[in-house]
Amino acid sequence: MQKITPFLWYNDNVDEVIDFYTSVFKSSKVINRNPMGATIELEGQQLNLFNGGPLFPFTEAISLYVNCDTQDEIDYYWDALTHNGGKESRCGWLKDKFGVSWQIVPSILGSLLWDKDRKKADAAMQAMLKMAKLDIKALQEAHDNA
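Calculation criteria
- Residues numbered from 1 in each chain as written.
- Predicted model: local features only at pLDDT ≥ 70, side-chain atom pairs only at ≥ 80, totals over all residues.
- Heavy atoms only, no water.
- Buried < 20%, exposed > 50% of the residue type's maximum accessible area, 1.4 Å probe, protein only.
- Helix = DSSP H or I, 4+ residues; strand = E, 2+ residues; numbered from the N terminus.
- Arc of directions from axis to C-beta.
- Contact = heavy atoms within 4.5 Å.
- Polar contact = N/O pair within 3.5 Å; in protein donor to acceptor, adjacent residues only side chain to side chain.
- Axes fitted to C-alpha atoms, helices over the stretch in contact; angles between N-to-C directions.
- Parallel < 35°, antiparallel > 145°, perpendicular 65-115°, else oblique.
- Left-handed = near helix turned anticlockwise from the far one by under 90°.
- Nonpolar A, V, L, I, M, F, W, Y, C, P; charged D, E, K, R; others polar.
- Pairing = 2+ DSSP bridges.
- Salt bridge = Lys/Arg side-chain N within 4 Å of Asp/Glu carboxyl O.

Draft legend 1. Broad picture of helix 5 (residues 136-144). When helix 5 is considered as a whole, its buried residues turn out to be Ile136, Leu139 and His143. Axial view of helix 5: buried residues confined to an arc of 70°, hence all on one face. Contacts made by the buried residues of helix 5 are with helix 2 (71-82), strand 8 (101-106), helix 3 (109-113) and helix 4 (118-129). Where helix 5 begins, the side chain of Asp135 points an oxygen toward the backbone nitrogen of Lys137, at a separation of 3.0 Å.

Draft legend 2. Region of the structure containing the packing of helix 1 (residues 14-24) against helix 2. Packing of helix 1 against helix 2 brings their axes to within 10 Å, and their N-to-C directions diverge by 165°. For the element pair helix 1 / helix 2, the angle class is roughly antiparallel. For the pair helix 1 and helix 2, the crossing hand works out as right-handed. For the pair helix 1 and helix 2, the contacting residues are Phe20, Ser23 and Val24 in the first and Tyr76, Tyr77, Ala80 and Leu81 in the second. Along the lines of polarity and charge, the residues of the contact of helix 1 with helix 2 split into 6 nonpolar, 1 polar and no charged.

Draft legend 3. Layout of the environment of Ser111. Position of Ser111 relative to the elements: it lies in helix 3. Residues Ser111 and Met131 lie 20 residues apart in sequence; the distance between their C-alpha atoms is 18 Å.

Draft legend 4. Summary view of the environment of Leu55. By the secondary structure assignment, Leu55 is in the loop between strand 4 (45-51) and strand 5 (63-68). Along the chain, Leu55 and Trp9 lie 46 residues apart, while their C-alpha atoms are 9.2 Å from each other.

Draft legend 5. Spatial organisation of the sheet that holds strand 6 (residues 87-88). Spatial ordering of the open sheet is given by 5-8-7-6, a layout of 4 strands whose pairing is mixed. The two strands at the open ends of the sheet, each matched to only one other strand, are strand 5 and strand 6. Bridge analysis of strand 6 against strand 7 (residues 93-95) gives 2 bridges, and the strand direction is antiparallel. Its bridge partner lying in strand 7, Lys87 is registered against Lys95.

Draft legend 6. Summary view of the pattern of salt bridges. One pass over the structure, following the stated rule, counts 5 salt bridges. Across the pair Glu16 and Lys97 runs a salt bridge, and its minimum N-O distance is 3.8 Å. Of this pair, Glu16 sits in helix 1 while Lys97 sits in the loop between strand 7 and strand 8, placing them 81 residues apart in sequence. Glu16 sits in the partly exposed class, given a relative accessible area of 40%. Lys97 sits in the partly exposed class, given a relative accessible area of 27%. For Asp122, the salt bridge is made with Arg118, and the minimal N-O distance between the two is 3.3 Å. With a gap of 4 residues between them, Asp122 and Arg118 both fall in helix 4, about one helical turn apart. On the basis of relative accessible area, Arg118 is assigned to the partly exposed category, the value being 43%.

Here it is, written out as structure tokens:
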């Protein structure tokens, strides 16, 4: 068992949540399930899901971060998680149809934004600030051409 596991409160629709997330994430499984909720595993990360009702909706104050190695992977998760009611935001952030915030981020982003050459890092940051879904090629070009 993980020492720390996110506990997510849903509006009495955990069965729908499980079906959606396990369809999006190829490496997923349901660990346990009962009328009050479930524990699932997505790409090795366990999540506790709770059928709590409408009292506490999700906000952007917490998000789930998906590290992606390729643009195809970014495109896949972005499209899948915004499908059927999700909403795009800025700088790689989106909300899925349940209101959960996700960050779909290329693994190279940290090295671009934390480059010791501040001009290059700032150029990558400025490029990112103009994006909804992150574009690896455009971020790399902004960085390299600064």
